[in-house]
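Residues per chain are reported as follows:
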Amino acid sequence: MLATISGFFYSCESGVKHAPILPLEDFFKNPEKTSYQISPDGKYFSFLAPYENRMNIYVQEIGQDSAMRLTSETARSVAGYFWGNNNRILFLKDTGGDENFQLYGVNINGSNLLPLTAFEGVRTTIIDDLPEIEKEVIVGLNKRNPQIFDPYRLNIETGEMTILAENPGNIQGWMTDHDGKLRIAIALDGVNQSLLYRDSEDQPFGIVITTNFKESLSPRTFTEDNKKLYATSNLGRDKSALVIYDPQTATEEKLIYENDTYDITGIIYSNKDKKLQAASYMAHNGTQRNFFDSSLKNVYDKISEKVSNMPFGIADRTKNEDVYIIRTYNDKTPGAYYLYDSSNDKLTHISDVYPWLKEENMAAMNCIEYTSRDGLKIEGYLTLPVGYTMETAKKLPVVINPHGGPWARDTWGFNPEAQFLANRGYAVLQMNFRGSTGFGRKFWELSFKEWGKTMQDDITDGVIWLTENGIADADRIAIYGGSYGGYATLAGLTFTPDLYACGIDYVGVSNLFTFLNTIPPYWKPMLDMMHEMVGDPRADSTLLVSSSPVFHVDKIQVPLFIAQGANDPRVNKDESDQMVKALEERGITVQYMVKDNEGHGFHNEENRFEFYKAMETFLEENMTIGAN
């Protein structure tokens, strides 16, 4: 029984103080304002904010109180945007979640709105925003061949395009130097990848080095003289390190920075001063940075002091690198945006992202780790309902939430799903099972051809860890995930049927054969690599049958809720249809939600509300077994 005291709830049995039950919409409605950027000259900032329930672009002169809306998208939110120059903003949008992004441009006074790459069935990628060339960007388009992208130089004022190179069929990435010249290409031939280089645009590309895809040499930017490369590399090592690589001699010239536990995943480079400023990696407790430039470290130190040492990142900065957009955050808030002027050391609050969510009502995300059955250290995060600690949490209902990818990772920070579930009384466990990125090559490779096998064991071992420590009520454990997390949900219900009370599969894979046959066309060049990572439908058919939940629905003993976007280009709707059909053929009714205007996940606000309301009801109905 719960009793209300001063806006909070107390459990009469335990005396634990809980947060008030908040409206579902508070966790999943569009942010008030987000995705702030600053114009190159520092006179304006821009942001995304709701207009008719869709996120649209606004621009505001710094020092003024009102903003002007530049876009009026009502079918679907703007997918992303950036400043093309001081007067023009470029933005991407797709149709119904098909991920065939098209590029548009608009002036900051709302004029000259132009479709720049609005070709039907064509996907646009941004290769270089060319900050030193005001009227041009370089984009990649799969217009000529849907499986590969050619690079084009695009005039952002007129839409005029010039092809820079014709992709021979194996190029997966392009990179420019500091002058905007196309100098680097990354080729993939089967399971081997090559770094290609040329001294100038009038020369042909030549192969510098070829490695198996398991080895990584990832160029980040050119050195100051445009002759060598700052790159992250795991050649000859387990963890990716920051190095200087000479493409003319095909040698690693210098090790700049490495971490013993995590891959180096990012750099900060000064276009103004032409120098490397910092390297970053994702640790258990969030982003960590190593500074090479004392002036930038001084900026970070001053900002940190002004935000009371709250974690933050630089979202954007001016061309002169003296005015910054800052985003604070932690595990209990998505944070706020600030304007920092380094010339006068002034920090100005701009906007909170979700001002209606108060930190005191949010749950802590605890960094945890456990050991898998074969001895791997698994890092994870346990979000407990407000009022509980790691010491006091006993026999709680739990939602296991494996991440998507699977070659991605969970991170410490604000998670609206975890906060919503914690607000409803559930503990939430997220784990970086083998294959999660950022932990080195060996940890990644251990996931190859292990879908539903040792990867799933790592998830199961997390459940066992919870129950052995008395945190979880073994009769009230659910599993929920999206994309690969959806697959892991189905695998959990089929391969460990006694472990969970129910499951929620959100755009998840059910059949590894059909999944590999329905990938987007621009993933086709990577198919040999995927066969080595997931399994080859011919050579590994027995493995794929054993790992595909759709062939094991007879083992499912508990309720299942499936949600799917009809236009999903990554996990075809047939993945969910198959699962529903297989269950119904056995006389089992499955709750199934399909949205015709969505793709890989629900982005439209009203669909998010409907999905999470259905989730809430589903969990309430199926997590009462053994309730105290």
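Residues numbered from 1 in each chain as written. Predicted model: local features only at pLDDT ≥ 70, side-chain atom pairs only at ≥ 80, totals over all residues. Heavy atoms only, no water.

## What to know about the overall build of the protein chain
Counting secondary structure elements, the protein chain contains 11 helices and 38 strands. A compact globule built from 628 residues would reach a C-alpha radius of gyration of about 25 Å, and the protein chain, at 25 Å, matches this within 12%. Principal-axis analysis of the C-alpha atoms gives the protein chain an extent of 70 × 60 × 45 Å. The 628 residues of the protein chain split such that 56% are buried. Carbon together with sulfur atoms contributes 47% to the accessible area of the protein chain, which is approximately 25400 Å² in total. Here the protein chain holds 59 positive side-chain charges and 86 negative ones, and the gap between their average locations is 2 Å. (Helix = DSSP H or I, 4+ residues; strand = E, 2+ residues; numbered from the N terminus. Rg over C-alpha atoms; globule rule 2.2 N^0.38 Å. Buried < 20%, exposed > 50% of the residue type's maximum accessible area, 1.4 Å probe, protein only. Areas by Shrake-Rupley, 256 points an atom, 1.4 Å probe, with all protein chains shown as cover. Lys, Arg positive; Asp, Glu negative; His and termini not counted. Charge placed at Lys NZ, Arg CZ, Asp CG, Glu CD.)

## Notes on the packing of helix H3 (residues 416-423) against helix H11 (residues 605-622)
With their axes 12 Å apart at the nearest point, H3 and H11 run at an angle of 40° to one another. With respect to their mutual orientation, H3 and H11 come out oblique. Like other packed secondary-structure pairs, H3 and H11 cross with a definite hand, here right-handed. Counted together, Glu417, Phe420 and Leu421 of H3 and Tyr612, Met615, Glu616 and Leu619 of H11 form the full contact between these two elements. Along the lines of polarity and charge, the residues of the contact of H3 with H11 split into 5 nonpolar, no polar and 2 charged. (Axes fitted to C-alpha atoms, helices over the stretch in contact; angles between N-to-C directions. Parallel < 35°, antiparallel > 145°, perpendicular 65-115°, else oblique. Left-handed = near helix turned anticlockwise from the far one by under 90°. Contact = heavy atoms within 4.5 Å. Nonpolar A, V, L, I, M, F, W, Y, C, P; charged D, E, K, R; others polar.)

## Focus: the side chain of serine 77
Along the chain, the position of serine 77 falls in the loop between strand S7 (68-69) and strand S8 (80-85). Engagement of the side chain of serine 77 in a polar contact is seen with the backbone nitrogen of methionine 55, the distance being 2.8 Å. Leaving out residues up to four positions away in the same chain, serine 77 has contacts with Arg54 and Met55. (Polar contact = N/O pair within 3.5 Å; in protein donor to acceptor, adjacent residues only side chain to side chain.)

## Here we look at the pattern of salt bridges
Across all of its chains, the model carries 35 salt bridges by this definition. With a shortest N-O distance of 2.8 Å, arginine 144 and aspartate 150 are connected by a salt bridge. If you follow the salt bridges from partner to partner, you end up with Arg76, Asp94 and Glu598 in one network. (Salt bridge = Lys/Arg side-chain N within 4 Å of Asp/Glu carboxyl O.)

## Side note on helix H5 (residues 454-468)
With 15 residues, H5 should cover 21 Å at 1.5 Å per step; its first-to-last C-alpha distance of 20 Å lies within 8% of that length. Taken together, the buried positions of H5 are Met455, Gln456, Asp458, Ile459, Thr460, Asp461, Gly462, Val463, Trp465 and Leu466. On its buried face, H5 is in contact with strand S31 (365-371), strand S32 (377-383), strand S33 (396-400), strand S34 (427-431), strand S35 (472-482) and helix H6 (484-495). (Expected span 1.5 Å × (residues − 1).)

## Re the sheet that holds strand S12 (residues 124-128)
Reading across the sheet, the 4 strands line up as S12-S13-S14-S15 and stay open at both edges, with antiparallel pairing between neighbours. Edge strands, defined here as strands with exactly one partner in the open sheet, are S12 and strand S15 (161-163). The mean inter-strand angle of the sheet, taken between neighbouring strand axes irrespective of direction, is 35°. As judged from the 4 bridges shared by S12 and strand S13 (residues 136-141), these two strands associate in the antiparallel manner. Along S13, the bridge assignment pairs isoleucine 126 with valine 139. (Pairing = 2+ DSSP bridges.)

## Observations regarding the sheet that holds strand S4 (residues 34-38)
Backbone-to-backbone hydrogen bonds join strands into a sheet, with any given pair of strands oriented parallel or antiparallel. The strand order S4-S5-S6-S7 describes an open sheet built from 4 strands, whose pairing is antiparallel. For this open sheet the edge positions go to S4 and S7, each flanked by a neighbour on one side alone. Note that strand S6 (residues 54-61) and S7 share 2 bridges and pair antiparallel. Of the residues in S7, the one forming a bridge with valine 59 is methionine 68.

## Brief notes about the environment of asparagine 155
If you trace the backbone, asparagine 155 turns up in strand S14 (residues 150-155). Within the structure, asparagine 155 has its side chain in polar contact with the backbone nitrogen of threonine 158 (distance 3.0 Å).

## So, the environment of phenylalanine 618
Tracing the backbone through its elements, the reader meets phenylalanine 618 in helix H11. Sequence spacing of phenylalanine 618 and phenylalanine 561 is 57 residues, and the spatial spacing of their C-alpha atoms is 7.6 Å. Setting aside residues no more than four positions away along its own chain, phenylalanine 618 makes contact with Cys502, Gly503, Ile504, Pro559, Leu560, Phe561 and Gln591.

## Let's talk about the nonpolar core
In this structure, Leu382, Ile400, Trp451 and Leu466 are the most contacted members of the largest nonpolar core, which totals 66 residues. With 6 residues, the top contributor of residues to this core is H6. Not counting residues within four places of it along the chain, the set of residues in contact with leucine 466 comprises Leu382, Val398, Ile400, Leu429, Ile471 and Ala472. Counting residues in hydrophobic clusters, the runner-up holds 44 residues, among them Phe45, Val399, Tyr506 and Phe602. (Core = buried A, V, L, I, M, F, W, Y, C linked by side-chain atoms within 4.5 Å.)

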